[in-house]
Structures are given as C-alpha cells and as structure tokens.
Amino acid sequence: YLHFGLNLLKKIIKFSFDDGGFPKSRNIRQLNFYLKYFVLVREWLKESQNEIPEYIDENIYYLGQAYAFIWQNNKKDFLFNGNYETDNIEFDHYLKRLGYSFKNQNNELGGYAILKNKKITLIMDIGASPDKKFSQNYQAGSLSFEIISNGKKLICNSGYFQDFENRLNRLSKSSATHSTLVLDDTSSCKFTKDSGSCSRVFQGLKIIKKNIVFEENYWKIASSHDGYLKHYGVIHDREVEFYPEQTKFIGYDRLISKNKIKNLKFEIRFHLEPSVKVMKTQDNKSILIELDGEGWKFNSTDNVINIDNGLYFGKKNSFTDNQNIFISGMTNS
C-alpha cells in the first residue's frame, strides 16, 4: 500500500504543480491544502520509521516558499482566484511546532507580484489563466490588484462564493468582482459549465508582458493581457506606480489595438471592504476614503468617477453589501 500510495503521490505532483512548485490552478487555498497534507505525509513516514522520499522534501520546500510569499510575509488573505478569508494562524503554529520554517524574499511567484514595506503592500495578478482542467475555482481577475495600508485593505477584490450550485459562484468569477478593467460588460475569460455544474475556463488569456520595479522610493508593476484580443482586437495594459515618500499611487489603464477600436463601453472598478466609508466631493472630481482613521483621496482627472453598490464574498459561501469606486466611459473618448 505504501509503494502504491507513493507512486500515486508522484503522479499528483507531476500533474498538479508547475515547474516552480506552485499549483497549476494558481489557487491560494489549494496551495495551503497541499502544503498541509505533504507535511502530514512526511510526518507519518517519519513516525513509522519509513524512508522519506526526496521528492516529498523537495515539494514541501517549494510549497513552503510559496506559502511564505503569499501568507507568512503578509498575514493577510488576498482575494484572487478562488480565495476568501481564511485564518492560517493555527496552521502557522502547527508548522512551527513541527519545526518547519520557510522564507521567501522574491517579488513574484505563481503569477502574483507583491511589493511591500512596513506600511504598504501592493499585490497584483499578473499570471495567465490556468488550463481548463485546473480552472474550476479560477476567477477572471487578470491585472486586478489589492492595496493594504497599515494592515487594512484600501483596495480589494470581492472574494469568492465557493458553492457551485449557487448562481453567486458564477457571478463571483466575473471580472466585475475584481479591481480591474471590464470591456463591453464582458469578462476577460469565458467560462462553460461541465457535467458537474461547475464552470471552467474554455477561453483563457495569456500575459503578454510584465515589468516589476521595486526601489526604495519608487515601485511599479506593469503588465498586459490578451483576454479581449480575439473578440475586440485590443490588449489591456495596466501600470500601477507607488511613491512611498508621498504615499501616492498612480495608475494607468490603456487599451491598445493595431486597428481602430470599436466604440465600446468600459468600466474600471476599485472594490472596497464593507467597513470602508467613501464620499464624493462636491465638485464630483474626487472620492474620499476613510480607512480606520486614515484618509485617502481618489482622483481621475479625465474621467467620470462614481460610487457603486456591490456584493462582497470575502467570507465562505456568504455575501454582504459593499461599495466600489468606478470609472466608466466609451472607448472612443
């Protein structure tokens, strides 16, 4: 049985992980799941005085690197690709008790870029959509980002409704539930239902370019995807800059085409957690954001900005009202 089980485990590793040891689904919850059970398997083998295969140690190392990158360096849940709020503190204690310690100082892993200092964290999804067979929990949030200030989410995504039987699951997979650009009320990926009523990607997207700059006084994450290329002939290009000395973010969204772009509706949304308060200024040119004692101001000089109501799926299989700042317009202007 042990021989059979270890061979099966080898097949799971080969099938499920990319070359860097990150789950091919790009799902953060699945990353935590795999790490937990690989550690359990290793501890059982050790307890039963069986030899621990090298590939198990190797995969724990890579999964641990990813876990440190996503969770341990930040102690905050990022709402991308099937993730919702999960408290991993108990798991951290468990790992510490068993003597597992992981470190990762990289700025990019698994299709995510994370830049941070003591006060501010910026994370952005700059990864391609997974293959159909790994996409049951994928959300079409390419180039969406979250900002954390002093441990509180300033900009977030809306989270994930896990229950496949509920129509909110499909809704939570749409681009509109992310802090990104939506063109013509269409998501950047297309989904289709499989025989088990779960929706999977049948038309995905690729990342065309990416550029990360992380200096003491200047940060930048820039990337573009081709999710709107086939139907609309455009590339979505996004650039987010941060100036730490001024505590100032500047963002650029561009639609790039070799031909003339059709006159299409676009929306750019910036989702907020339910407890965050927002108010529009009298001149209608700015949005004021109150974040647990901090004050932020959102401006978009050349566009119409408004506050819209939405749904927040940050807690498992539940929803609550939230708000988002959104820029809307037509592409020809």
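Reading guide: rules and limits
- Residues numbered from 1 in each chain as written.
- Predicted model: local features only at pLDDT ≥ 70, side-chain atom pairs only at ≥ 80, totals over all residues.
- Heavy atoms only, no water.
- Helix = DSSP H or I, 4+ residues; strand = E, 2+ residues; numbered from the N terminus.
- Rg over C-alpha atoms; globule rule 2.2 N^0.38 Å.
- Lys, Arg positive; Asp, Glu negative; His and termini not counted.
- Charge placed at Lys NZ, Arg CZ, Asp CG, Glu CD.
- Pairing = 2+ DSSP bridges.
- Axes fitted to C-alpha atoms, helices over the stretch in contact; angles between N-to-C directions.
- Buried < 20%, exposed > 50% of the residue type's maximum accessible area, 1.4 Å probe, protein only.
- Polar contact = N/O pair within 3.5 Å; in protein donor to acceptor, adjacent residues only side chain to side chain.
- Contact = heavy atoms within 4.5 Å.
- Parallel < 35°, antiparallel > 145°, perpendicular 65-115°, else oblique.
- Left-handed = near helix turned anticlockwise from the far one by under 90°.
- Nonpolar A, V, L, I, M, F, W, Y, C, P; charged D, E, K, R; others polar.
- Salt bridge = Lys/Arg side-chain N within 4 Å of Asp/Glu carboxyl O.

Asks: Give a detailed account of the overall build of the protein chain, specifying residues and quantitative values.
Replies: A tally of helices and strands in the protein chain yields 6 helices and 18 strands. Here the protein chain has a C-alpha radius of gyration of 21 Å; the compact-globule value for 333 residues is 20 Å, and the two agree. Considered along the principal axes of its C-alpha atoms, the protein chain spans approximately 70 × 45 × 35 Å. For the protein chain, the distance from the average position of its 46 positive side-chain charges to the average position of its 39 negative side-chain charges is 4 Å.

Asks: Tell me about the sheet that holds strand β13 (residues 265-271), and name the residues and values.
Replies: Judged by pairing direction, the sheet is antiparallel, and its 4 strands sit side by side in the order β6-β13-β18-β17 without closing on themselves. In this open sheet, the two strands that pair with only one neighbour each are β6 (181-183) and β17 (304-312). The mean angle between the axes of side-by-side strands here comes to 30 degrees, regardless of whether they run parallel or antiparallel.

Asks: Requested: an account of the sheet that holds strand β16 (residues 294-299), with residues and values cited.
Replies: In spatial order, the strands read β14-β15-β16; together these 3 strands make up an open sheet with antiparallel pairing. Strands at the two margins of the open sheet, each flanked by one partner only, are β14 (277-280) and β16. Within the sheet, the average angular offset between the axes of one strand and its neighbour, ignoring direction, is 20 degrees. The pairing of strand β15 (residues 286-291) with β16 spans 6 bridges and is classified as antiparallel. Pairing of Ile289 across the sheet is with Trp296, part of β16.

Asks: Pulling in residues and values, what's your account of the pairing of strand β3 (residues 120-125)?
Replies: Each regular strand displays side chains that alternate between the two surfaces of the sheet. With respect to burial, β3 is a largely interior element, 6 of its 6 residues being buried. Every second residue of β3 is oriented toward a common face, with Ile120, Leu122 and Met124 on one face and Thr121, Ile123 and Asp125 on the other, all of them buried. Pairing between strand β2 (residues 112-116) and β3: 5 bridges, direction antiparallel. Bridge pairing in β3 places Lys116 opposite Thr121. What sits between β2 and β3 in their antiparallel hairpin is a turn of 3 residues.

Asks: Can you break down the side chain of His236 residue by residue, with the values?
Replies: Within the secondary structure layout, His236 lies in strand β11 (residues 235-243). Within polar-contact distance, the side chain of His236 engages the side chain of Asp253 at 2.7 Å. Not counting chain neighbours up to four residues away, the residues in contact with His236 comprise Leu143, Thr180, Leu181, Ser223, Ser224, His225, Asp253, Arg254 and Leu255.

Asks: I'd like to hear about the environment of Leu168, residue by residue, with values.
Replies: Residue position: Leu168 is located in helix α5 (residues 167-172). Measuring from C-alpha to C-alpha, the distance between Leu168 and Ser318 comes to 9.3 Å, with 150 residues separating the pair along the chain. Setting aside anything within four residues of it in sequence, one finds Leu168 in contact with Phe161, Leu311, Phe313 and Phe319.

Asks: Can you tell me about unusual backbone geometry, naming the residues and giving the values?
Replies: Even without being a glycine, Asn81 presents a positive backbone phi close to 50 degrees. Locating Asn81 in the fold gives a position in the loop between α3 (54-72) and α4 (89-97). Residue Asn81 is classed as buried on the basis of its relative accessible area, which comes to 1%.

Asks: Tell me about the packing of helix α2 (residues 28-47) against α4, and name the residues and values.
Replies: At a minimum axis distance of 12 Å, the contact between α2 and α4 shows a crossing angle of 30 degrees. Between α2 and α4, the crossing angle belongs to the class labelled roughly parallel. When you trace α2 past α4, the crossing you get is left-handed. Contact with α2, carried on its side by Asn32, Leu35, Lys36, Val39 and Leu40, involves Phe91, Tyr94 and Leu95 of α4 and no other residues of that element. Of the residues contributing to the contact of α2 with α4, the split by class is 6 nonpolar, 1 polar and 1 charged.

Asks: An account of the pattern of salt bridges is needed here, citing residue identities and associated values.
Replies: Oppositely charged side chains can form a pair if their charged atoms are brought close together. Tallying each qualifying case throughout the model produces 18 salt bridges. For the salt bridge of Lys75 with Asp92, the shortest nitrogen-to-oxygen distance reads 2.7 Å. Of this pair, Lys75 sits in the loop between α3 and α4 while Asp92 sits in helix α4, placing them 17 residues apart in sequence. Given a relative accessible area of 43%, Lys75 falls into the partly exposed group. One salt bridge connects Asp237 with Lys209, and the closest N-O pair in it is separated by 3.3 Å. Of this pair, Asp237 sits in strand β11 while Lys209 sits in strand β9 (residues 207-215), and the two are 28 residues apart along the sequence. When salt bridges that share partners are traced, they join Asp185, Lys265, Glu267, Arg269 and Asp308 into one network.

Bear in mind that shape data such as this cannot, by itself, settle questions of function.
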